[in-house]
Amino acid sequence: MRRLSRPTRLPGPPVPADFSSPLHDRTVVARLGLWLGSAFTVCFLTGLLSHLHQHPVTWLPIPTGPSWGYRVTQGVHVASGTASVPLLLAKLYSAYPRLFTRPVLGSPVVMLERASIAVLVGSSLLMVSTGVANVAGWYVFGFGFTRVHYAFAWVAIGALVVHIAVKLPAVRDALSPAGADIVAQQGRRAFVVGAVGVAAGAVVLTVGSAVPWLESVSVLRSRRPGSSPLGVPVNRTAAQARIDRGLDPASGDDHWSVTVRGPRGAQTVTSAQLRSLPWRTVSLPIACVEGWSVQATWEGVRVRDVLALVGGAVGDVRVRSAERRGTYAASVLPRAYADHPSTLLALRLNGSRLTRDHGYPVRLIAPNRPGVLQTKWVAELEVLS
Ligand SMILES: Nc1nc2c(c(=O)[nH]1)N[C@H]1C(S)=C(S)[C@@H](COP(=O)(O)O)O[C@H]1N2
Ligand SMILES: [Mo]
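Bear in mind that the values here come from a model prediction, so they are computed numbers and not experimental data. One numbering rule holds for all chains: residues counted from 1, following each sequence as written. Lettering of chains starts at A and numbering of ligands starts at 1, both following the order in which they are written. Given that this is a predicted model, residues contribute local features only at a pLDDT of at least 70 and side-chain atom pairs are listed and counted only at 80 or more, while totals for whole chains, interfaces and linings are drawn from all residues. To obtain the side-chain values, all non-hydrogen atoms of the structure were included, while hydrogens and water were left out.

Let's shift gears to the sheet that holds strand β6 (residues 330–333). For two strands to count as paired, DSSP must find a minimum of two bridges between them. Secondary structure is summarised from DSSP: a helix means a run of H or I of at least four residues, a strand means a run of E of at least two, and numbering begins at the N terminus for each. One open sheet holds the 5 strands; their spatial order is β2-β1-β10-β5-β6, and the pairing between them is mixed. The open sheet is flanked by β2 (265–270) and β6, the only strands paired with a single partner. Recorded for the sheet is a direction-independent mean angle of 15 degrees between the axes of neighbouring strands. Relative to β2, strand β1 (residues 257–262) runs antiparallel, the two sharing 6 bridges. Directly across from Thr-259, in β2, lies its bridge partner Thr-268. What counts as an axis is a line fitted to C-alpha atoms, over the stretch in contact for a helix, and the angles between N-to-C directions run from 0 to 180 degrees.

Per the annotation, domain bounds derive from an automatic or database assignment of domains. Split into domains, the protein comes out as domain 1 (16–222) and domain 2 (249–383). Taken together, the contacts link 22 residues of domain 1 with 21 residues of domain 2. Taken over both partners, the interface formed by domain 1 and domain 2 buries close to 1,700 Å², and the fraction arising from carbon and sulfur atoms is 54%. Taken as a group, Thr-64, Tyr-70 and Arg-71 account for 36% of the area that domain 1 buries against domain 2, more than any other trio of residues on that side. Two N or O atoms form a polar contact when they lie within 3.5 Å of each other; inside protein one atom must be a possible hydrogen donor and the other a possible acceptor, and for residues adjacent in sequence the pair counts only when both atoms belong to side chains. Put simply, domain 1 and domain 2 have 7 residue pairs in polar contact (both at pLDDT 80 or more) between them. Contacts are assigned to residue pairs with any non-hydrogen atoms lying within 4.5 Å of each other. Here's the idea: put two parts together, see how much 1.4 Å probe accessible area each one loses, and the total over both is what we call buried area.

For the rest of this paragraph, the subject is the packing of helix α3 (residues 108–135) against helix α4 (residues 145–175). Contact geometry for α3 and α4: axes closest at 8 Å, N-to-C directions at 145 degrees. Remark: the crossing between α3 and α4 carries left-handed chirality. Under the convention adopted here, Pro, Cys and the residues Ala, Val, Leu, Ile, Met, Phe, Trp and Tyr are nonpolar, Asp, Glu, Lys and Arg are charged, and Gly plus all remaining residues are polar. Here the residues of the contact of α3 with α4 sort into 15 nonpolar, 7 polar and 2 charged. Helix crossings are classified by the rotation of the near helix relative to the far one: an anticlockwise turn of less than a right angle makes the crossing left-handed, while a clockwise turn makes it right-handed.

Nearness of a residue to a molecule or strand requires only that one of the residue's heavy atoms be within 4 Å of it. Near ligand 1 you find 20 residues, and of these Pro-233, Glu-323, His-358, Arg-363 and Lys-376 are the closest. Between ligand 1 and Pro-233 there is a distance of 2.4 Å, counted from an oxygen atom to a backbone nitrogen or oxygen. Residue Gln-374 places a main-chain N or O atom 3.0 Å away from a nitrogen atom belonging to ligand 1. Considered class by class, the residues forming the shell around ligand 1 number 9 nonpolar, 6 polar and 5 charged.

This paragraph deals with the packing of helix α1 (residues 26–54) against α4. Between α1 and α4, the least distance of the axes is 9 Å, while the angle of their chain directions is 150 degrees. Between α1 and α4, the crossing angle belongs to the class labelled roughly antiparallel. α4 is crossed by α1, and the crossing has left-handed handedness. In this structure, α1 uses Arg-26, Thr-27, Ala-30, Arg-31, Leu-34, Gly-37, Phe-40, Thr-41, Phe-44, Leu-48 and His-51 to contact α4, whose residues at the interface are Tyr-150, Ala-153, Trp-154, Ile-157, Leu-160, Ala-170, Val-171, Asp-173, Ala-174 and Leu-175. Residues that form the contact of α1 with α4 fall into these classes: 14 nonpolar, 4 polar and 3 charged. Roughly parallel means an angle under 35 degrees; roughly antiparallel, over 145; roughly perpendicular, 65 to 115; everything else is oblique.

The structure is reproduced here in structure tokens:
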């Protein structure tokens, strides 16, 4: 059938030529793609590291230092994810007229390319939307965040690799002198620079949850360590975790004990016995996967001194909370962490007794470790063989 000429065209979807803005240009798309691809890659690698912390593998042990390592990589993860949002929107705006390219069906290579774009766009939108919701502490989706976020990260990065391979010529053209000429015209550079500027702005407005000296300019930050109890935000309160109401700094911890299981058997360590071990003071951050972090001073006793009562930190250690249910009711401390001199059962935070919400009477604190694994209301340590 002969294609109908414009004025008499039948009603139907538009064609790329219907979009007249000079911003719908492959050079613009490619340049934004370089920024977005870099942000995605950094976000993927730092996310992988976070997953490794939470699901350790024996062939790639995570070092116990530097103590601020996770704080930095997780801060970078959330910042690069935040930067991706405006970059992704700008790139989609620039590229979307190409979705109307006809014919819809083409050679296998064209079909593969189109399919990979559908997968890439879908998974990217899923990644940034679940990530942003997580930072906001807004668990609206009915699925487990980490599992879905992690699985789709692989889908997105796979589609990204295919996409980059297919688009290498376009990237080369965009970076050539001719490409530079095209970008220099009709406001295209301003659009690219604007998108990158908005991405940088989004980071500055939110990163104060992790960078104290930016707290005052980061008006959209998710947490305010400065105005939290003892200077440390609380993620899950004692009430939410259904911790016994009677367990309170006002009524004391005389009834509290920690069960310690090791190669030499089990022992019930009362809070008085815990206190009689040598006290240590360490400065370690709490770095939450939701993107906030804060350095704090912790006082308590070394986990390795506690484990010495039952034969020492001769293996990984399971740390159980008095919290009965919940994903973070227990965590595993790899052996090197359990044996580390800075790893404490903390009893005091920033110069005061722990508050109920911070894990009173005893909580774990270890270097270079995600906040989700810094178990509160510790009731049991078990050396795993
Ligand atoms: N038992 C228990 N420990 C827990 C949690 C929890 O829900 N239950 N939340 C964790 C999370 S997600 C973080 S970020 C830190 C926060 O510690 P904070 O509330 O003292 O700041 O505690 C961790 N320890
Ligand atoms: Mo957290």
